[in-house]
Structure formats: C-alpha cells, structure tokens
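# Structure at a glance
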Amino acid sequence: MDVNHAFLNTFLDVSEESYKQLLELSTIRDLKAGDQVSKNGEVPTKIYLLVSGTMRAYLSSKEGKEYTKSFFTSFSFVGSLTALVQKCPSKLIYEALTDCKVYELNFANFKELCNKDLNISALYNKVLEHIFIKYEERQLELISMDATARYLKLQKEMPDIEKVLPQFQIASFLSITPVQLSRIRKKLKSQ
C-alpha cells in the first residue's frame, strides 16, 4: 500500500477499487514556491492533497496586509472548501510557501464519484469531520491561549517553521505583530 492510500486509511478504510478511482481522477502536480492554486475572488474548481512541502491560506486586505488563516504540511487537504461547496468566489488565497507536490482533483468530478461510491462518500464525510475539528481547535486556541502558548504549539506542530516561513507570516497566523513575535522569541531564548 502506498503512503497516499495509507494516509486516506487514517480516516476510513478505503478499498483498493475506490482508491484506484480516486487516482484516475487525480493529477500529480509540482508547485514552485509562490504558486497560487486558488485566488481571492476566483471560483475554485479543484481540491488538493498536499504530499510534500508547505502551503498556506491567507487573506490580503485592500491595503496589502496579509492575514494567515492556515498552514498546511505534508498529507493535508488544501482548498477553499466553502467556495467549492457553494460555487462562489474564494475569499482566501492558497499559496505554496515551498516547492510542493500535490494531487489535484476536480471537485465536481470528486462529488460525482461520491454519489457513485459509498466508500468515497464515507471518506468525504470523515475528511469533513476532521476539517471541522481542526477549525474548532484553532478557534479555541485563539480565544483560550496566550500568544506564547500558541507559538509553542505551532513550533511543536511545525518544528522547522523558523527555517521555512518568514516572521511576518508566523506572526499573522498567531494573530500578533512581528514585533510581539520577536519579544516572545527573545523571552523564550532567555529562559
């Protein structure tokens, strides 16, 4: 069993036949750092499985300020789910932060497969549950943890974050300023 099939099986046992159908709908793509797979104001049609690399979802204000919503690392589903489901323009930009390898899947074709294959439909439900749980955890972090605790948690989840991401993106994700992040780092180094 390949690693991608094994990953899907962490949600639900996906049969070989169902997995083959998913592969037939998928295209493997290499992304370069800076490539955007979904842009603000565009109606997306694709969903991605990130196999290697780091991506993020962010909002850019009219003034050019960026607000990072999410980081994605290997074996994550990436895409503007709200925009895909509602067939409306995305409010977020999804961007490769490093060179990445992804499986690209046309969302409409995937939904058709869900209607034909109960195993894929059940997988989709499990993935949606997972995404909702992660979303709720993130919301709870923002209201219940201080900035230092959020930073330490992020470091634990992404140990190489300092090497991969610029400080302003990390700070934005933590809902603090780069100056506050510098102070947190300085304080942690002195302890």
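Use the structure listed above.
Overview of the structure. (Residues numbered from 1 in each chain as written. Predicted model: local features only at pLDDT ≥ 70, side-chain atom pairs only at ≥ 80, totals over all residues. Heavy atoms only, no water.)

## Some details on the packing of aromatic side chains
Evaluation of the coordinates by the stated rule reveals nine aromatic pairs. Judged by centre distance (5.6 Å) and plane angle (40°), the rings of Phe7 and Phe77 are tilted. Taken as a pair, Phe7 in helix 1 (residues 3–8) and Phe77 in strand 6 (residues 76–78) lie far apart in primary sequence, 70 residues in all. For Phe7, a relative accessible area of 15% gives the class buried. Assessed through its relative accessible area of 23%, Phe77 is described here as partly exposed. Each ring, one from Phe11 and one from Phe77, has its centre 5.8 Å from the other, and the planes form 55°; the classification is tilted. Here the residue Phe11 occupies a position in the loop between helix 1 and helix 2 (16–25), and Phe77 occupies one in strand 6, the gap between them amounting to 66 residues. For Phe11, a relative accessible area of 15% corresponds to the buried category. (Phe/Tyr/Trp six-rings, centres within 6.5 Å; stacked < 30°, edge-to-face > 60°. Helix = DSSP H or I, 4+ residues; strand = E, 2+ residues; numbered from the N terminus. Buried < 20%, exposed > 50% of the residue type's maximum accessible area, 1.4 Å probe, protein only.)

## What about the packing of helix 8 (residues 167–174) against helix 9 (residues 178–190)?
As a packed pair, helix 8 and helix 9 sit with axes 8 Å apart at the nearest point and diverge in direction by 95°. Of the possible angle classes, the one that applies to helix 8 and helix 9 is roughly perpendicular. For the pair helix 8 and helix 9, contact is made by Gln167, Phe168, Ile170, Ala171 and Leu174 and by Pro178, Leu181, Ser182 and Arg185, respectively. (Axes fitted to C-alpha atoms, helices over the stretch in contact; angles between N-to-C directions. Parallel < 35°, antiparallel > 145°, perpendicular 65-115°, else oblique. Contact = heavy atoms within 4.5 Å.)

## Focus on the sheet that holds strand 8 (residues 100–106)
With antiparallel pairing, the four strands of this open sheet are ordered in space as 1-8-3-6. Two strands lie at the open edges of the sheet, namely strand 1 (26–31) and strand 6, each paired on one side alone. Adjacent strand axes in the sheet meet at a mean angle of 30°, parallel and antiparallel pairs treated alike. In the sheet, strand 3 (residues 46–52) pairs with strand 6 via three bridges, with the strands oriented antiparallel. Pairing of Tyr48 across the sheet is with Val78, part of strand 6. Helix 2 contacts strand 1 and strand 8 of the sheet and is inclined by roughly 55° relative to strand 1. (Pairing = 2+ DSSP bridges.)

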